[in-house]
Amino acid sequence: AWTVPIATALWQFGLEEFHNQVDFDGIWLSVNEPSNNCDGECPSDWDSTVGQPRTNLSKNSAPHDPTEFDNLPYIPGGRPLNKQTVSMTGYQKSTDAYEDMVYKEYNLHSLWGLYNSKATHSYLAEKQDIRPFVASRASFPGSGMFASKWLGNNYSKWEYMRYSIIGIY
C-alpha cells in the first residue's frame, strides 16, 4: 500500500515504463481506489477472470473478523464497508525514518486516492517544466494540491448534477 515508500517508487517506475512508450504530459486516474470483485478479502483461490472463487469456500475462512465494522453508528451508503473492496480489518504496514507502524485498512482506506495522486503528480513534476495535469476519481481533503477531482461516470441530466454536489467535497 501507499504507506510503504517502495509503493511510490514502484508506481513511478511503471509510469516511466509507460512514458517510454507513450509521450504523455498528464494522466487520468480512474478507479484509483482499493477495489476488487470480492466483498472483503478474496479467497486464495479467487478467479479474477470470472469474479468468483474457483471452489466454494466458507465465508468464515477470512483471517480477520469480517463483522468488526458492521455496527458502526453511521455507514456511508447504508451498505457494508467491504462491498467490492479490500477488508477493512486488513492491515497495512507503514515505514518511516523513525519506526515501523501497522495500521488497519479502516484507518487508511480513504487516503488511497490522495497518495496515488501525490505520487503521480510528483512523477510528472520531475518529468516536465509545466504544471502537471492529474485527474483523480478517488480523493481526500488535500488532494486538490496534486490532482483535479473527477466525479466518475454520470449523465448530463439534472439529477446527476444533484448527485455530484456531495462528490465535490
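Draft legend 1. Spatial organisation of the overall build of the protein chain. If you tally the helices and strands in the protein chain, you get four helices and seven strands. The N-to-C order of helical and strand elements in the protein chain reads α-β-β-β-β-β-α-α-β-β-α. When the 169 residues of the protein chain are sorted by exposure, 30% land in the buried category. Contacts in the protein chain between residues far apart in sequence, at least 24 positions, make up 56% of those at least 6 positions apart.

Draft legend 2. View of the side chain of His121. Its location among the elements puts His121 in helix α3 (residues 112-127). Assessed through its relative accessible area of 18%, His121 is described here as buried. The contact partners of His121, leaving out residues within four places of it in the chain, are Pro132, Val134, Met145 and Phe146.

Draft legend 3. Inspection of the sheet that holds strand β6 (residues 133-136) at higher detail. One open sheet accounts for three strands, arranged β1-β6-β7; its pairing is parallel. Looking at the sheet topology across the chains shown, the edges are occupied by β1 (26-29) and β7 (148-149). Sheet analysis places β6 next to β7, joined by two bridges and oriented parallel. When the bridges of β7 are listed, Ala135 appears paired with Ser148.

Reading the values: the criteria
- Residues numbered from 1 in each chain as written.
- Predicted model: local features only at pLDDT ≥ 70, side-chain atom pairs only at ≥ 80, totals over all residues.
- Heavy atoms only, no water.
- Helix = DSSP H or I, 4+ residues; strand = E, 2+ residues; numbered from the N terminus.
- Buried < 20%, exposed > 50% of the residue type's maximum accessible area, 1.4 Å probe, protein only.
- Contact = heavy atoms within 4.5 Å.
- Pairing = 2+ DSSP bridges.

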